[in-house]
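One letter stands for each residue in the lines below.
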Amino acid sequence: MSAMGMVSVRNLKAHRVRLLLTVVSVMLGTAFVAGSFVFTDTLKSSFDKIFTTVDAGVDARVQPKHSYDPGVPQDLVTKIQAVPGVRTVEVHAGAPIVLVDSRGKKVQPGGAPSEGGMWTPAAQSVGTLPTFAAGRAPTRAGEVAINSGAATKGHLTAGDRAKVVLPNAGVVDVTVVGVYKTKVETGGYIGVLFSRPQALELFTDGKHVGSLDIAAAAGVSEKTLAANIAHTLPSTLEVRTGTQARTDDQGGIQTALSFINYILLGFGFIALIVGTFIIYNTFSMIVAQRLRELALLRAIGAGRKQVRRSVLVEAGVIGVIGSALGLAGGIGLAFGLHSLLDALNLGLPSGGLVMTPRTVIVALVLGTGVTLLSANAPARRAAQVPPVAAMREEFASTSAASLRRRTVLGTVVAALGAVVTVAGVTSSSAGTGASLLGLGLVGVAAGAMMLSPVLAGWIITPLGTVIGRPFGAVGRLARTNAVRNPRRTAATAFALTLGLLLVSGIAVVGASMKASISGIVDSTVRADYILGTQSSVDIPPRAAIAASKVPGVGSTTELHNVATLVDGKHGVGTGVDGPLNAIVKVDMKHGGGTTTGHSMLVSSDTAKKNHWTIGSQHTLSVPGRTPAVETITGIYADNQLLGPWLVSGDVYRTLTPPNEQADIVILIRAAPGADLHALRTGLEQATNNFYVVTVQNRDEFKGQVAGQINGLLGLLYGLLGLAIVIAILGIINTLALSVVERRREIGMLRAVGMQRKQVRRTIYVESLLIAVFGAVLGLGLGIAYGSMFTRTLRNQGLDTLSVPWTQAVTFLVVAGIVGVLAALWPGIRAARTRPLEAIAAS
Amino acid sequence: MTQVSTLSPAVASLVAASATDVVKLFGSGDTAVRALDRVSIDLLRGEFTAIMGPSGSGKSTLMHCLAGLDTVTSGSVAIGDVELCGLSDKKMTALRRDRIGFVFQSFNLVPTLTALENITLPIAIAGRKPAQPWLDNIIATLGLTDRLHHRPSELSGGQQQRVAVGRALAGRPEIIFGDEPTGNLDSRSSGEVMGILRRSVDDLGQTVVMVTHDARAASFADRVLFLADGHIVDELRAPTAETVLDRMKGLER
């Protein structure tokens, strides 16, 4: 080992404790990056396995080209069977269902699908049949086979009675005749297989099926088979080879997974960025404390490059150790996340954790790279120490000149960010506006980071005067210590700034979402009760009929989703049965009329975008159904509940196959003078037999939506908590190093009569000030950008800006507490300083 | 040698600090070093005492023990009528704060505070307000009136040490300890600082004890104690730089 290498290693050993915190911060960042890769790779591999199993034996698949196409005509089955090279054709027909066990309770799938399907006998099956744990396959109407997961959850076994809820057919009584085993068990998945005739009756319109899987005869390739089949198909259908079909299925999952991947990676990067400040600070301080030693090395002949390299070697060692630990941590994180989601029954497939070489390389390179990059500036500073510094008594650790350059650069960057921000806020398009805002935020945040040493002085001095006042001399010392090295304070506080910027920004958007939805419900919804569903199955139309007969009901209005082609262009609107004005306040801009017959109402935004006017006629069509020609009679102000356009329920039923007809929501207006409480009880009793219907009043409806938003916010807060954890580590690190640096001074204070308690308090208050400074900066930026972001999305339904001030104050208080907690250990260490340290030679 | 073992109460009140049979060991067992070996001294009120001796004679250790910065292995140390042995850290700290002043070799000022803030620091730590006339008097004596709002980094070494002396005087301590107060100063600044300490004894009745190896600085004292190998070996009253140097030569021979 070279002499300089030895110096590096000895230094690492000598500063074990202070470097430990640096290692931890590198570790946390890489753990999230590695964890996200391991987690998504694991899920992807499990899903791949499922599709390989599910799609086993498929050589070709015939499916509709568009989601609005009615499906594959049943008479095509025999035609395809006759195509050369075809061995078997397996028919697929299915839909989401809700399984109700023998005691009348819904079997909850968690996050997994709950599907009804068709049992395919061996003769028509392209793959291998599932094996039965108990019983047999369904052979006639009223018989079903369920998967073993559903059987366990619903305490069902062969011979038990159960119910299946479907949108159109309502509730179907069935007998479980068999329990089958899937090859790959997905947590929570519920599969209910009906006999062929009943499946066709329940899941199809009698003319079309969902898709066809085809197995080739021996010696016929996938491509030949697909080519042969393609000749027989009408233009609405397409054929995919087995390989393509599997890729399609896997691709769909990959898209869903990449969302999770991006979120986790995002947090990993935030953690790494925050960690950068800690690494930078640690090395800056270690270099500052070793100036004399470095100068001595220079004096005895070490070159600049050697000194610089010795610091970088230290950083490299820390980076490698930190990222290796991070990799291990990431595996743990992925395992924990998987177990957590499993415990929550979110329908994840089981399977061992998957670690690809990519994960290892990315984690190691990223972790080590970030560490080296952060240590680069301190290393360069170390190299610039003149040999003569070894002889000098005192060192000036900062130079005002370089801070000036940083301030000028920061001002320019922040100003550019502000300009982009203004452009974003004034942009008329929500998408462009939001992107510009994001870009502006990056600029302003980067500028704020560069300016924060200056800002620290501006904010901490007055803040410290107020907060420090009750502490007297201790408060004054704490305040002046906090701004003593503005660069260091800034880097320490900025970790907290970033965390709180994101948290408060999200809090503003979340609060605005809740307020906007609450505002929409309050100002537009007139219905007294809202009958909705929280399962995967829409409401069977018969539920509305039952509800309408409840005493006290004034009027019943059902809303439907209409997926169709409007003048040939795909669009989704709303079908309405019943009076509209009774349940929603519709603000008519032009014209009027009701949603009966062939009159169509459109929102002003839709009208403007498509250049539709009162009186214009439009054709609504779905392949295989009779088209409807609608005339626009009214244009209403944009309304989140109603969507882009409204047609009558009759038009909805003309366009939608009977097996897919359902209500998305039923709105009830009470009769004048009706007892609302009794009405509610009546509604609950009337819809109870449909299992999927929940009765809510307006406040409960708002609460449900708010609850969903809160759940999402909670997840984000939890993950952003990581940034706060790293920030705490950073504060501990900085303070611990400061205490070492100020040993003599603290010794002097002890000698001239400062009590241990007072020494501790000085450190606590200093930390409090640094934390509150970071928090104030982060909250300020976060609230500002959260508000501007909300404003940009005002036409997307975020029309009410709500700044959660109480929450912001809570964040600030929490930041203060975090600051004090982080100072506990450094404070205790400082208080242990003996007075004699004041005299001891440095 | 000054061995006043049986003091009458009247005489006792004249003693600002005393050490009796003080032994200080560093390390333990075979490798233990006896820095102080049964040292007994009384430091009288209103007197300026210098402690001298070759390197390793124990002079700094004696001062640290007298000032409550370090503990003794055996024997007893008292400041006024307060016995230091067995005092809790809290009480010891309060005693240093309220009854002792310190002047260090390397000034040890708080770099973030102004000269005035440094001077009043011990009073502020105690949570008290400085007595203004007293403070004005000190500042005038120090000759720092126009430097009060400067930071230590903006002051010369001599000025910094004068601030440190001001800090020691501000709380009207019973005794001021100096640890090589002129060690980092040129001869002119040394003379200024020693002059101020001398005047504090003459004009304000302050008690000052300092460790030094500078004969010229020691000549400002009323009394010089010489230490060698942990023993008090000599004493000189009304010293001059020449007589101090003579004695020192005798010790180092």
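All values reported here derive from a predicted model rather than from experimental measurement. (Residues numbered from 1 in each chain as written. Chains lettered and ligands numbered in written order. Predicted model: local features only at pLDDT ≥ 70, side-chain atom pairs only at ≥ 80, totals over all residues. Heavy atoms only, no water.)

## Remarks on the overall build of chain A
Alright, step 1. Regarding its fold elements, chain A presents 22 helices and 24 strands.
Alright, step 2. Seen through its C-alpha atoms, chain A measures out along the principal axes to roughly 95 × 70 × 50 Å.
Alright, step 3. Partitioning the intrachain contacts of chain A with sequence separation of at least 6 by distance along the chain shows that 83% fall at a separation of at least 24.
Alright, step 4. A total accessible area of about 35600 Å² is found for chain A, and carbon and sulfur atoms account for 62% of it.
Alright, step 5. Of the side chains in chain A, 73 bear a positive and 47 a negative charge, and the two mean positions are spaced by 19 Å. (Helix = DSSP H or I, 4+ residues; strand = E, 2+ residues; numbered from the N terminus. Contact = heavy atoms within 4.5 Å. Areas by Shrake-Rupley, 256 points an atom, 1.4 Å probe, with all protein chains shown as cover. Lys, Arg positive; Asp, Glu negative; His and termini not counted. Charge placed at Lys NZ, Arg CZ, Asp CG, Glu CD.)

## Describing the overall build of chain B
Alright, step 1. Scanning chain B from N- to C-terminus turns up ten helices and ten strands.
Alright, step 2. Computed over C-alpha atoms, the radius of gyration of chain B comes to 18 Å, within 12% of the 18 Å expected from 2.2 N^0.38 for 253 residues, which places it in the range of a compact globule.
Alright, step 3. Dimensions of chain B, computed from C-alpha atoms along their principal axes, come out at roughly 50 × 40 × 40 Å.
Alright, step 4. Expressed as a percentage of the 253 residues in chain B, the buried residues total 55%.
Alright, step 5. Expressed as a percentage of contacts within chain B between residues at least 6 apart in sequence, the contacts between residues at least 24 apart total 69%.
Alright, step 6. Summed over all atoms, the accessible surface of chain B reaches about 10700 Å², with 50% contributed by carbon and sulfur.
Alright, step 7. Each charge class in chain B was averaged separately, 26 positive and 29 negative side chains, and the resulting centres sit 4 Å apart. (Rg over C-alpha atoms; globule rule 2.2 N^0.38 Å. Buried < 20%, exposed > 50% of the residue type's maximum accessible area, 1.4 Å probe, protein only.)

## Quick notes on the environment of Gln640 of chain A
All names here are of chain A.
Alright, step 1. Inspection of the secondary structure puts Gln640 in the loop between β21 (628-636) and β22 (645-648).
Alright, step 2. On the basis of relative accessibility, which here comes to 47%, the residue Gln640 falls in the partly exposed class.
Alright, step 3. Between the alpha carbons of Gln640 and Thr356 there is a distance of 45 Å; along the sequence they are 284 residues apart.
Alright, step 4. With sequence-adjacent residues up to four places away left out, Gln640 is seen in contact with Ile520, Gln796 and Gly797.

## A short note on helix α14 (residues 486-524) of chain A
Alright, step 1. Its 39 residues place the ends of α14 of chain A 53 Å apart at the C-alpha level, agreeing with the 57 Å of an ideal helix rising 1.5 Å per residue.
Alright, step 2. Counting buried positions along α14 of chain A yields 29 of 39 residues, so the element is predominantly enclosed. (Expected span 1.5 Å × (residues − 1).)

## Regarding the packing of helix α12 (residues 430-468) of chain A against helix α13 (residues 473-482) of chain A
Any two packed helices are characterised by the angle at which their axes cross and by the distance between the axes.
Residues and elements named next belong to chain A.
Alright, step 1. Where α12 contacts α13, the axes come no closer than 9 Å and their chain directions differ by 160°. Relative to α13, the element α12 lies roughly antiparallel. Pair α12 / α13 crosses with right-handed handedness. Residue-level contacts link Ile460, Thr461, Gly464, Thr465 and Gly468 of α12 to Gly475, Arg479 and Ala482 of α13.
Alright, step 2. Taken together, the residues of the contact of α12 with α13 sort by class into two nonpolar, five polar and one charged. (Axes fitted to C-alpha atoms, helices over the stretch in contact; angles between N-to-C directions. Parallel < 35°, antiparallel > 145°, perpendicular 65-115°, else oblique. Left-handed = near helix turned anticlockwise from the far one by under 90°. Nonpolar A, V, L, I, M, F, W, Y, C, P; charged D, E, K, R; others polar.)

## Considerations on unusual backbone geometry
Residue and element names in this part refer to chain B.
Alright, step 1. Residues other than glycine seldom take positive phi values, yet Asp21 does so here, at roughly 50°.
Alright, step 2. In this fold, Asp21 is placed in strand β1 (residues 15-26).
Alright, step 3. Although it is not a glycine, Arg38 sits at a positive phi angle of roughly 50°.
Alright, step 4. Inspection of the secondary structure puts Arg38 in strand β2 (residues 33-44).

## Observations regarding the domain arrangement of chain A
Alright, step 1. Domain boundaries assigned for chain A yield domain 1 (1-56 + 242-395), domain 2 (57-241), domain 3 (454-523 + 699-842) and domain 4 (541-689).
Alright, step 2. Taking the mean C-alpha position of each, domain 1 of chain A and domain 4 of chain A sit 55 Å from one another. (Domains from an automatic or database assignment.)

## A few points about the packing of helix α7 (residues 242-289) of chain A against helix α9 (residues 304-343) of chain A
All names here are of chain A.
Alright, step 1. Interaxial distance between α7 and α9 falls to 13 Å at its minimum, and their mutual angle equals 150°. Considering their axes alone, α7 and α9 lie roughly antiparallel with respect to each other. The chirality of how α7 crosses α9 is right-handed. Contact with α7, carried on its side by Leu264, Phe283 and Val287, involves Val311, Glu314, Ala315, Ile318 and Leu337 of α9 and no other residues of that element.

## What about the sheet that holds strand β3 (residues 48-52) of chain B?
Strand pairing in a sheet relies on backbone hydrogen bonds. The paired strands run either parallel or antiparallel.
Residue and element names in this part refer to chain B.
Alright, step 1. An order of β6-β7-β8-β3-β9-β10 is seen for the six strands of this open sheet, with the pairing classed as mixed. One side of each edge strand has no neighbouring strand; the edge strands of this open sheet are β6 (100-103) and β10 (231-237). Averaged over all neighbouring strand pairs, the angle between strand axes comes to 20°, with direction disregarded.
Alright, step 2. The sheet contact formed by β6 and strand β7 (residues 175-179) spans four bridges and is parallel. Paired with Val103 across the bridge in β7 is Gly178.
Alright, step 3. Contacts from helix α3 (residues 89-99) reach β6 and β7, with the element oriented near 75° to β6. (Pairing = 2+ DSSP bridges.)

## A short note on the nonpolar core
Alright, step 1. One finds Phe102, Ile175 and Phe177 of chain B to be the most contacted residues of the largest nonpolar core, which totals 120 residues.
Alright, step 2. Looking at this core, the element that brings in the most residues is helix α21 (residues 756-792) of chain A, giving 13 residues.
Alright, step 3. Of the domains in this structure, domain 1 (1-56 + 242-395) and domain 3 (454-523 + 699-842) of chain A are the two that each give at least three residues to this core.
Alright, step 4. Once you skip the residues sitting within four places of it in the chain, Phe177 of chain B turns out to touch Met63, Leu66, Ala67, Ile79, Ile100, Gly101, Phe102, Val103 and Val209 of chain B.
Alright, step 5. Among the nonpolar cores identified, the runner-up in size contains 44 residues, and Ile97, Ile146, Val209 and Val239 of chain A belong to it. (Core = buried A, V, L, I, M, F, W, Y, C linked by side-chain atoms within 4.5 Å.)

## Details of the interface of chain A and chain B
Alright, step 1. Counting residues at the interface gives 23 residues for chain A and 25 residues for chain B.
Alright, step 2. Taking both partners together, chain A and chain B bury about 2200 Å²; carbon and sulfur atoms supply 61% of that area.
Alright, step 3. Summed over the three residues of chain A that lose the most area to chain B, namely Val752, Gln755 and Ile839 of chain A, the buried surface amounts to 24% of that side.
Alright, step 4. For the interface between chain A and chain B, the tally reads two salt bridges.
Alright, step 5. Put simply, Arg756 of chain A and Asp89 of chain B hold a salt bridge, and the shortest N to O gap is 3.6 Å.
Alright, step 6. Joining chain A to chain B, the criterion identifies eight residue pairs in polar contact (both at pLDDT 80 or more).
Alright, step 7. When contributions to the side of chain A that touches chain B are tallied by element, the ones reaching two or more residues are α13, α20 (743-751) and α21 of chain A.
Alright, step 8. It is α20 of chain A that provides the largest number of residues to the side of chain A that touches chain B, a total of six residues.
Alright, step 9. A breakdown of the residues in the side of chain A that touches chain B according to their chemical character gives eleven nonpolar, five polar and seven charged. (Buried area = accessible area lost by both parts, 1.4 Å probe. Salt bridge = Lys/Arg side-chain N within 4 Å of Asp/Glu carboxyl O. Polar contact = N/O pair within 3.5 Å; in protein donor to acceptor, adjacent residues only side chain to side chain.)

## Focus on the sheet that holds strand β14 (residues 237-241) of chain A
Residue and element names in this part refer to chain A.
Alright, step 1. Read across the sheet, four strands follow the order β3-β13-β1-β14 without closing on themselves; strand pairing throughout is antiparallel. Sheet topology places β3 (86-92) and β14 at the edges, where each strand pairs with a single neighbour. Geometrically, the sheet is characterised by an average inter-axis angle of 20° between neighbouring strands, direction not taken into account.
Alright, step 2. Pairing of strand β1 (residues 60-64) with strand β13 (residues 211-216), which is carried by three bridges, proceeds in the antiparallel orientation.

## Section: a nonpolar patch on the surface
All names here are of chain A.
Alright, step 1. A cluster of nonpolar side chains, namely Val809, Val813, Ile817, Leu821 and Leu824, defines an oily patch on the protein surface of about 440 Å² accessible area.
Alright, step 2. Structurally, Leu821 is set in helix α22 (residues 805-831).
Alright, step 3. Note on Leu821: relative accessible area 52%, which makes it exposed. (Patch = residues over 30% accessible without salt bridge, like charges linked within 9 Å, V, L, I, M, F, W, Y side chains within 5 Å.)

## Examining the pattern of salt bridges
Residue and element names in this part refer to chain A.
Alright, step 1. Enumeration over the complete set of coordinates arrives at 40 salt bridges over all chains.
Alright, step 2. Among the ionic pairs, Arg743 bridges to Glu837, the shortest N-O distance being 2.8 Å. Here Arg743, found in helix α20, pairs with Glu837, found in the segment after α22; they are 94 residues apart in sequence, far enough to count as distant.

## Focus: helix α2 (residues 59-66) of chain B
Alright, step 1. Extensive coverage of α2 of chain B is indicated by the burial of seven of its eight residues.
Alright, step 2. Along α2 of chain B, the positions that sit buried rather than exposed are Lys59, Thr61, Leu62, Met63, His64, Cys65 and Leu66 of chain B.

## Examining the packing of aromatic side chains
Residue and element names in this part refer to chain B.
Alright, step 1. A full pass over the atoms with the stated rule returns four aromatic pairs over all chains.
Alright, step 2. Plain terms: the ring middles of Phe102 and Phe104 are 5.8 Å apart, the flat faces sit at 15° to each other, and that makes the pair stacked.
Alright, step 3. When its relative accessible area of 3% is taken as the criterion, Phe102 is described as buried.
Alright, step 4. Three or more aromatic residues joined by ring pairs form one cluster here, namely Phe102, Phe104 and Phe177.
Alright, step 5. The side chain of Arg172 reaches across the aromatic face of Trp134, ending 4.2 Å from its centre. (Phe/Tyr/Trp six-rings, centres within 6.5 Å; stacked < 30°, edge-to-face > 60°. Lys NZ or Arg CZ within 6 Å of the ring centre and 35° of its normal.)

## Some thoughts on the environment of Gly68 of chain B
All names here are of chain B.
Alright, step 1. Mapped onto the elements, Gly68 comes out in the loop between α2 and β4 (74-79).
Alright, step 2. Along the backbone, Gly68 and Ser200 are 132 residues apart, and their C-alpha atoms lie at a distance of 22 Å.
Alright, step 3. Residue contacts for Gly68: discarding those within four places in its chain leaves Leu84, Met92 and Arg96.

## A look at the confidence of the model for chain B
Alright, step 1. The predicted model of chain B averages 87 in pLDDT, with 94% of residues at 70 or higher.
Alright, step 2. Below a pLDDT of 50 lies the segment residues 1-7 of chain B, which in the model reaches eleven contacts outside its immediate sequence neighbourhood of four places, other chains included. (pLDDT = per-residue confidence, 0-100.)

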